[in-house]
Amino acid sequence: MLGRGLKRKLSDYEESMAGLSCAFDSSRGLPYPLKRQLVLNMCLTKLQTYKMLVEPNLHRSVLIANTVRQIQEEMRQESNQQPVNICPGIAPASHSYAGMESPGISLQLPSGVGQQESHCCDLRSVEDPIENSLLIVSDDDMSSAISSILKDLDFVEDISPPTCLVPTGDDQPKFPENTGLKLEDDRQDLKGAECVFGSFEISNSTSYLKDLAIDDIFEDIDTSMYDSDFCCPPLMPPRSPSLATEEPLKTFPSCNSSSANNIQICRTDLSELDHIMEILVGS
Amino acid sequence: FLAGFGSLMQDVLWCFSQVKGTIDAGVTESDIISTVEFNHTGELLATGDKGGRVVIFQREQESKNQPHRRGEYNVYSTFQSHEPEFDYLKSLEIEEKINKIRWLPQQNAAYFLLSTNDKTVKLWKVSERDKRPEGYNLKDEDGRLRDPSMITVLRVPVLRPMDLMVEATPRRVFANAHTYHINSISVNSDYETYMSADDLRINLWNFEITNQSFNIVDIKPANMEELTEVITAAEFHPHHCNTFVYSSSKGTIRLCDMRTAALCDRHAKFFEEPEDPSNRSFFSEIISSISDVKFSHSGRYIMTRDYLTVKVWDLNMENRPIETYQVHDYLRSKLCSLYENDCIFDKFECVWNGSDSVIMTGSYNNFFRMFDRNTKRDVTLEASRENSKPRAILKPRKVCVGGKRRKDEISVDSLDFSKKILHTAWHPSENIIAVAATNNLYIFQDKVN
């Protein structure tokens, strides 16, 4: 543990992590592959934590991702040089990371107890319980993990590519002829293409809208008034679902007048409402 | 009287002068100082904090009666520069923390400074009012309108002295130009333009124009998956208005000339030191990330700060620094723990003294370090309340690396990593330094003999 005055949440995981990192620092005796594995675990844990933040720190994410890549490359080179020693009974399965479905890398936290299931090409022998108690992650897992994290960063950070010209407030955007701007346009095209591939999460959200039945969107708007023959006051156009729940009752004064005039007005208004609904629904 | 100007380390004794901020044990997060900067004459000292406030101190006139009190700094103006914002489009909170303050050179009676948070740069005008007009015809002293029919005599309003009032007004707001977090701003030597840098882009602004900026550096890859490097700091050359440098997370510095192209993606010079294989570790890249870059006052050198060292580079030599100073090399064996608790990502700044002969940077346990480039001597000092008696001379501190710890030394494992000195400033011409220790601002001066 380092220093006094550090506020740290005490959890089993953090304690064991701290213990391991101290072991890393102080012990010369830890074998290199074990040290490497420890660092890798820490990196992946951090990346996973950042993934859950609304706005991960880009600088840190890049540094950690680079460290993971570096370790990955080293492990790859080692495995190229040595014959692969597959743990008996466990087939090396390469998962494509479901940076997609799952919240990220499913880490088994090192609790130091027993063996964990490992899916990978691992050089170490099965008999060493300490080594096997740490998470062992395959190459593809790491690559996909890094990719998904960086892609997500893009989604979170840079929805609209920047232009040379940045309109603020009420100002009309101006577009001077400028070679600098032209270069920027080219880059924008590239970025536009990038947005197409963008993050999986973007396409997820648009399909959500398509899948939903139109009626469901307007479910919580109270349309009971339109069903009756009674007069209705001047109608407001249907609001979006998020606002509908708050205000509809306030904007509709009670309709208890039964004069013929009102009925005439109501019927006109109803057809207007139908018209508006048609436009909104796009049928 | 410029005591100590260009003096050698052995002749300089640093003394406590003042401390600003509360002594309370519980520090509110918003009081944490996030930037410190002297103006070009050293008359004003500005601090920004995590709560978005700017506090400006002014040096009082030196009095002949008390020559040993070489001008104390007192509060001159306090204002709220940035407020917390919410980006509705991305559902993100924008922190009001002031990342950097930079002064403009004084051109009239008013003072101007730039302050920035993660997304928005603001130009503030700080001006004094010590007179007010009295004797209006149409309204009385309370401001109430007079009945015109009751006015029989006309008079000319006269300016009368009033209590000094210092007002800060936002004159320009430069917004919506940065997708990523702004880490640096730098005023150009032409005093007409400035730049703002975020993780991936650098924009050039004209002070008069807030609705457009020119993008001069863009390192964002077409595919974010290929991102391996971010911009960490940027600064204009002090004399050549077409030249600037920016540092990266890979420990490199690029010098760019704006005359060559509108988009300065190709550097004019590239500064990188080859890696020392004997020091290689898993954390090599992380600790090589440059947290600050500063031109010397002369413009001949740049200084960079990475996690463990400060380096001085000659602009004419790109392949390695001319000087490297170890700030706290004893941390090299603790990197894994420091990585685990995120301290390895702390961004320390570095500063030059007025004559470029001494450089200063912060460390942990409220320690800060100075390196004399000529004598190669260095000293470790501490900003703490215990050493805060007026004009008390600061005693050099020492960290014990291993083996027997002497009486005054502190062992590495006893260092308090929550007390970090990230921000320091050096008066442009005198030996006066400002050191930010969490929520306290310490001012030290050299001893007047």
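Keep in mind that this is a model prediction, so the values were computed, not measured.

Caption draft 1: Inspection of the layout of surface pockets at higher detail. Residue and element names in this part refer to chain B. Considered as a void within the structure, the second largest pocket measures approximately 880 Å³ in volume. For the second largest pocket, the lining is made up of 32 residues, of which E37, H40, R102, E235 and H297 are closest to its centre. Among the elements of the structure, β2 (33–38), β8 (100–103), β12 (184–187), β16 (231–236), β20 (292–295), β24 (350–352) and β30 (423–426) are those that each provide at least two residues to the lining of the second largest pocket. Sorting elements by how many residues they give to the lining of the second largest pocket places β2 first, with four residues. When the residues that make up the lining of the second largest pocket are grouped by side-chain class, the tally is 14 nonpolar, 12 polar and six charged.

Caption draft 2: View of the UniProt feature "domain: SERTA" (unreviewed entry) in chain A. Cross-referencing UniProt, the feature "domain: SERTA" (unreviewed entry) maps to residues 32–79 of chain A in the present numbering. Across residues 32–79 of chain A, the secondary structure splits into 90% helix and 0% strand, with the terminal C-alpha atoms separated by 15 Å.

Caption draft 3: Looking closely at the pattern of salt bridges. Counting across every chain of the model gives 34 salt bridges over all chains. A salt bridge links D314(B) to R300(B); its shortest N-O distance comes to 3.7 Å. Note that D314(B) is positioned in strand β22 (residues 309–314) and R300(B) in the loop between β20 and β21 (301–305), a separation of 14 residues in sequence. A relative accessible area of 13% places D314(B) in the buried class. Taking the relative accessible area as the measure of exposure, R300(B) reaches 46% and is therefore partly exposed. In this structure, the salt-bridge partner of D408(B) is K395(B), at a minimum N-O distance of 3.9 Å. Here D408(B), found in the loop between β28 (399–400) and β29 (410–411), pairs with K395(B), found in the loop between β27 (378–382) and β28; they are 13 residues apart in sequence, far enough to count as distant. Since its relative accessible area comes to 52%, K395(B) is described here as exposed. One connected set of salt bridges, linked through shared partners, spans R36(A), E74(A) and E78(A).

Caption draft 4: Just the sheet that holds strand β31 (residues 432–437) of chain B, in detail. Residues and elements named next belong to chain B. Taking strand neighbours across the sheet as the criterion, the four strands line up as β1-β32-β31-β30 in an open arrangement whose pairing is antiparallel. Strands at the two margins of the open sheet, each flanked by one partner only, are β1 (14–20) and β30. The mean inter-strand angle of the sheet, taken between neighbouring strand axes irrespective of direction, is 20 degrees. Bridge count for β1 against strand β32 (residues 440–446) is six bridges, and the pairing is antiparallel. Paired with W14 across the bridge in β32 is D446.

Caption draft 5: Inspection of the side chain of R305(B) at higher detail. Residue and element names in this part refer to chain B. One can find R305 in strand β21. The buried charged residue R305 lacks any salt bridge partner; its closest oppositely charged side chain belongs to D306, at an N-O distance of 5.5 Å. A distance of 3.0 Å separates the side chain of R305 from the backbone oxygen of Y307, its partner in a polar contact.

Caption draft 6: Fine view of the pairing of β30(B). All names here are of chain B. Residues of β30 alternate between two faces, with H423 and A425 on one and T424 and W426 on the opposite face, all of them buried. When β30 meets β31, the two strands line up antiparallel, connected through four bridges. Following the sheet pairing, W426 is matched in β31 by I433. Once β30 ends, the chain turns through five residues before running back antiparallel as β31.

Caption draft 7: Seen up close, helix α2 (residues 32–52) of chain A. With 21 residues, α2(A) extends 31 Å between its outermost C-alpha atoms, agreeing within 8% with the 30 Å of an ideal straight helix rising 1.5 Å per residue. In terms of residue burial, α2(A) counts as a mostly covered element, since 16 of its 21 residues are buried.

Caption draft 8: The arrangement of the sheet that holds strand β4 (residues 53–59) of chain B in detail. Residues and elements named next belong to chain B. An order of β2-β3-β4-β5 is seen for the four strands of this open sheet, with the pairing classed as antiparallel. The open sheet is flanked by β2 and β5 (73–80), the only strands paired with a single partner. Direction aside, the axes of adjacent strands within the sheet are offset by 20 degrees on average.

Caption draft 9: Highlighting the nonpolar core. One finds F283(B), Y307(B), L331(B), Y339(B) and I344(B) to be the most contacted residues of the largest nonpolar core, which totals 38 residues. For this core, the secondary structure elements donating two or more residues are α2 and α3 (58–81) of chain A together with α1 (284–288) and α2 (335–340) of chain B. Counting residues per element, this core draws most heavily on α2(A), at eight residues. Excluding its chain neighbours within four sequence positions, the residues that come into contact with F283(B) are F24(A), V39(A), L335(B), C336(B), Y339(B) and I344(B). Membership of the second largest hydrophobic core comes to 19 residues, among which are V12(B), M370(B), L381(B) and W426(B).

Caption draft 10: Looking closely at the packing of aromatic side chains. Residue and element names in this part refer to chain B. Using the criterion set out here, one finds 23 aromatic pairs over all chains in the structure. Pairing F16 with Y442 gives two aromatic rings, centres 6.5 Å apart and planes at 70 degrees, and the pair type is edge-to-face. Of the two residues, F16 is situated in strand β1 and Y442 in strand β32; the sequence distance between them amounts to 426 residues. Take F16: its relative accessible area is 6%, and that puts it in the buried class.

Caption draft 11: Main features of unusual backbone geometry. Residues and elements named next belong to chain B. Positive phi is not limited to glycine here, since S91 has a value of about 55 degrees. Backbone geometry places Y191, a non-glycine residue, at a positive phi of 60 degrees. Within the element layout of this structure, Y191 appears in the loop between β12 and β13 (193–197).

Caption draft 12: Layout of the environment of K294(B). All names here are of chain B. Position of K294 relative to the elements: it lies in strand β20. Sequence spacing of K294 and Y246 is 48 residues, and the spatial spacing of their C-alpha atoms is 9.6 Å. Setting aside chain neighbours within four positions, we find K294 in contact with R102, E235, Y301, I302, M303, C350, V351 and W352.

Caption draft 13: Fine view of the packing of α2(A) against α3(A). Residues and elements named next belong to chain A. Running from N to C, α2 and α3 point in directions that differ by 145 degrees, and their axes come no closer than 10 Å. In the crossing of α2 with α3, the sense of the turn from one axis to the other is left-handed. Seen from α2, the contacting residues are Y32, R36, Q37, V39, L40, C43, L44, K46, L47 and Y50; seen from α3, they are R60, S61, I64, A65, T67, V68, I71, E74, M75 and E78. Its residues assigned to classes, the contact of α2 with α3 comprises 12 nonpolar, three polar and five charged.

Caption draft 14: Looking closely at the pairing of strand β23 (residues 323–326) of chain B. Residues and elements named next belong to chain B. Only one face of β23 is buried: it carries E323 and Y325, and the other face, with T324 and Q326, is open. Where β22 meets β23, four bridges bridge the pair, whose relative direction is antiparallel. When the sheet's bridge partners are listed, V310 is paired in β23 with Y325.

Cut-offs used in this document
Residues numbered from 1 in each chain as written. Chains lettered and ligands numbered in written order. Predicted model: local features only at pLDDT ≥ 70, side-chain atom pairs only at ≥ 80, totals over all residues. Heavy atoms only, no water. 1 Å grid on protein atoms, 1.4 Å probe; cavity = no way out; pocket = protein on both sides within 12 Å on 5 of 7 lines; lining within 4 Å. Points joined across faces, edges and corners; volume = space filled by probe spheres on them. Helix = DSSP H or I, 4+ residues; strand = E, 2+ residues; numbered from the N terminus. Nonpolar A, V, L, I, M, F, W, Y, C, P; charged D, E, K, R; others polar. UniProt positions renumbered as here; feature names shortened; annotations may be inferred. Salt bridge = Lys/Arg side-chain N within 4 Å of Asp/Glu carboxyl O. Buried < 20%, exposed > 50% of the residue type's maximum accessible area, 1.4 Å probe, protein only. Pairing = 2+ DSSP bridges. Axes fitted to C-alpha atoms, helices over the stretch in contact; angles between N-to-C directions. Lys, Arg positive; Asp, Glu negative; His and termini not counted. Polar contact = N/O pair within 3.5 Å; in protein donor to acceptor, adjacent residues only side chain to side chain. Expected span 1.5 Å × (residues − 1). Core = buried A, V, L, I, M, F, W, Y, C linked by side-chain atoms within 4.5 Å. Contact = heavy atoms within 4.5 Å. Phe/Tyr/Trp six-rings, centres within 6.5 Å; stacked < 30°, edge-to-face > 60°. Left-handed = near helix turned anticlockwise from the far one by under 90°.

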